[in-house]
Amino acid sequence: MKRVVLKLGRDKSLRRRHPWVFSGAVARVDGGPQPGETVEVVAADGAFLGRGAYSPRSQIRVRILSFDPAVAVDEALIASRLQHALAYRARQFPVRPDGLRLVHGEADGLPGVVVDRYGEFAVLQCTATSAERWREVIAAGLIAHGGCRGVYERSDAEVRELEGLPARCGVVRGAEPPPSIEITEGAARYRVDVRGGHKTGFYLDQRDNRARLATLAAGREVLDVFAYTGGFTCAALAGGAAGVTAIDSSHEALARARDNVAASGFAPGAVEWLEGDAFALLRELHAQGRRFDVVVLDPPKFAPTAKHVQRAARAYKDVNLWALRLLREGGTLLSFSCSAAVDPALLQSIVAGAALDAPCAGRIGAWLHAAADHPVALNFPEAAYLKGLQLERG
Ligand code: SAH
């Protein structure tokens, strides 16, 4: 049996069912396992801890697929994990959204696997050797049971480099997706580019927060910062916003955002598009005396890892400071961070620091997070990467 033996005392997190074995915890690897091959992980005294996929190039040396000594890691296990993931979504979403995450990695017992469904097409993203090994089984299951006509792979996330895996994109199984797939969310329509868009094409994780913005937007002037393809912009218009100003540095993203506003049937003149650097544009808007009733801040991941937290905190603080200064009293800020290394307490303290400098008061009306199709395993809190707060400016 190919085995990974841990150092003395390094078995605690696995016993609490955290699914990652870090390279620093490994004392010895027996049997020369290949990347992605199933290994048994044992404590220093030889006690069984779990079975998982071996990844020699990654800091995360093993991702556990089963903590049960009686459960083998094979096609049947992977197929049943997919079935469970699909059944969970069916329970959580009695009305099935057009855009839905079907598999969310560790929380669905499929480490490194993400599957998003847009209409009749699934987009598969494999970010670890554990996922790589089982991609055909997953694709077959998606066609058989996931309501998908085709499975397209978007395994081009940067994290693959950390695993020593090359980028790979293309049809895995079934039909080829069209250049854009239209999905409907409330009164908004989004055209998703599964080949060129961020992640698998769209930010499905913000679905509930878009719906929340729609309920807050009626008759108000909304500023959507880091607008990408206009997810929040369209949600604000769907909610009856008096007008939206949308900022993004990407010309291509804003072109798609315009297209989404048109596809949804909203008046094109309702949106002011500002292409450029948000850090500069927020200052300019302020200098021009512009003010808003609602500001959405959904920046890119400023802290890709824990090392970047300090620099990221300064960037988060800066955009929050100018967002607060642009808000009218009684206005609402929706402030997000998708950096796993920035936890909710840190986000709150960053925004509190920004409010001190603004200066203004604020009260948190709600904590925001990803929608239920992005579940978090109880023993794997790292998965709660998206957090946000809804703040009323005093
Ligand atoms: N709110 C979006 C997702 C935002 S993704 C949604 O819900 O769909 C982050 C966006 O920030 C990207 O579109 C990227 O082009 C943009 N961006 C990154 N750095 C920027 C900067 N300095 N100024 C303006 N936009 C920036």
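Definitions and limits used
Residues numbered from 1 in each chain as written. Predicted model: local features only at pLDDT ≥ 70, side-chain atom pairs only at ≥ 80, totals over all residues. Heavy atoms only, no water. Near = heavy atom within 4 Å. Areas by Shrake-Rupley, 256 points an atom, 1.4 Å probe, with all protein chains shown as cover. Nonpolar A, V, L, I, M, F, W, Y, C, P; charged D, E, K, R; others polar. Buried < 20%, exposed > 50% of the residue type's maximum accessible area, 1.4 Å probe, protein only. Helix = DSSP H or I, 4+ residues; strand = E, 2+ residues; numbered from the N terminus. Pairing = 2+ DSSP bridges. Axes fitted to C-alpha atoms, helices over the stretch in contact; angles between N-to-C directions. Parallel < 35°, antiparallel > 145°, perpendicular 65-115°, else oblique. Left-handed = near helix turned anticlockwise from the far one by under 90°. Contact = heavy atoms within 4.5 Å. Core = buried A, V, L, I, M, F, W, Y, C linked by side-chain atoms within 4.5 Å. Domains from an automatic or database assignment. Patch = residues over 30% accessible without salt bridge, like charges linked within 9 Å, V, L, I, M, F, W, Y side chains within 5 Å. Salt bridge = Lys/Arg side-chain N within 4 Å of Asp/Glu carboxyl O. Lys, Arg positive; Asp, Glu negative; His and termini not counted. Charge placed at Lys NZ, Arg CZ, Asp CG, Glu CD. Buried area = accessible area lost by both parts, 1.4 Å probe. Polar contact = N/O pair within 3.5 Å; in protein donor to acceptor, adjacent residues only side chain to side chain.

Undergrad: What am I meant to see in the site of the ligand here?
TA: Of all residues adjacent to the ligand, which total 15 residues, the nearest are Phe226, Asp248, Asp277, Ala278 and Asp298. Protein chains bury 89% of the 590 Å² of accessible surface belonging to the ligand in isolation. Classifying every residue of the shell around the ligand by side-chain character gives eight nonpolar, four polar and three charged.

Undergrad: Help me understand the pairing of strand β13 (residues 188-192), please; the structure alone is not making it clear to me.
TA: Residues in a regular strand project their side chains so that they alternate between the two faces of the sheet. Residues Ala188, Tyr190 and Val192 of β13 are buried on one face, while the alternating residues Arg189 and Arg191, pointing to the opposite face, are not. As paired elements, strand β12 (residues 181-185) and β13 share five bridges and run antiparallel to each other. Paired with Thr184 across the bridge in β13 is Arg189.

Undergrad: Would you mind going over the packing of helix α2 (residues 75-92) against helix α4 (residues 135-145) with me for this structure?
TA: If you want to describe how two helices pack, look at the angle between their axes and the distance between the axes. Running from N to C, α2 and α4 point in directions that differ by 45°, and their axes come no closer than 10 Å. Judged on the interaxial angle alone, α4 and α2 are oblique. Considering how the two elements wind past one another, α2 and α4 form a crossing that is right-handed. Contacts between α2 and α4 pair Glu75, Ile78, Ala79, Leu82, Gln83 and Leu86 from the former with Val137, Ile138, Gly141, Leu142 and His145 from the latter.

Undergrad: Explanation requested: the nonpolar core in the structure shown.
TA: Note that soluble globular proteins tend to have their nonpolar side chains buried in a common cluster. Within the largest apolar cluster, 41 residues are counted, with the highest numbers of intra-cluster contacts made by Tyr118 and Leu213. For this core, the element with the most residues is helix α7 (residues 231-238), which contributes five residues. Of the residues that make up this core, three or more belong to each of domain 2 (75-174) and domain 3 (189-393). Once you skip the residues sitting within four places of it in the chain, Leu213 turns out to touch Phe232, Ala235, Ala236, Val294, Val296 and Leu334. Within the second largest apolar cluster, 37 residues are counted, among which are Ala278, Leu281, Phe302 and Leu327.

Undergrad: Would you mind going over a positive patch on the surface with me for this structure?
TA: Where like charges cluster on the molecular surface, the positive patch consists of Lys7, Arg10, Lys12 and Arg16. Along the chain, the position of Lys12 falls in helix α1 (residues 12-15).

Undergrad: Even after reading the chapter, I still don't get the pattern of salt bridges, so can you show me in this structure?
TA: Opposite charge on two side chains allows them to pair when their charged atoms are near. For the structure shown, the criterion picks out 31 salt bridges. Two residues, Arg256 and Asp193, come together in a salt bridge whose shortest N-O distance is 3.6 Å. Note that Arg256 is positioned in helix α8 (residues 251-263) and Asp193 in the loop between β13 and α6 (207-216), a separation of 63 residues in sequence. For Glu272, the salt bridge identified is with Arg290, shortest N-O distance 2.9 Å. Of this pair, Glu272 sits in strand β16 (residues 271-275) while Arg290 sits in the loop between α9 (278-287) and β17 (292-297), placing them 18 residues apart in sequence.

Undergrad: So what exactly am I meant to see when it comes to the domain arrangement of the chain here?
TA: By convention, interface size is frequently given as the accessible area that disappears when the constituent parts associate. According to the domain assignment, the chain consists of domain 1 (3-66), domain 2 (75-174) and domain 3 (189-393). Distance between the C-alpha centres of domain 2 and domain 3: 27 Å. Listed as interface residues are 19 residues of domain 2 and, on the opposing side, 21 residues of domain 3. Summed over both partners, the interface of domain 2 with domain 3 buries about 1,600 Å², with 61% contributed by carbon and sulfur atoms. Taken together, domain 2 and domain 3 are joined by zero salt bridges. Inspection of the region where domain 2 meets domain 3 yields 12 residue pairs in polar contact (both at pLDDT 80 or more). Elements with a contribution of two residues or more to the side of domain 2 that touches domain 3: α2, β7 (99-104), β8 (113-118), β9 (121-126) and β10 (150-155). Per element, the largest residue contribution to the side of domain 2 that touches domain 3 is four residues, and it comes from β7. Looking at the side of domain 2 that touches domain 3 residue by residue, the class counts come to nine nonpolar, four polar and six charged.

Undergrad: How should the environment of Val62 be read in this particular structure?
TA: Mapped onto the fold, Val62 is located in strand β6 (residues 60-66). According to the relative accessible area criterion, Val62 is buried, its value standing at 0%. With 48 residues separating them along the chain, Val62 and Leu110 place their C-alpha atoms 13 Å apart. When sequence neighbours within four positions are dropped, the list of residues in contact with Val62 reads Val4, Pro19, Trp20, Val21, Val39, Val41, Gly52, Ala53 and Tyr54.

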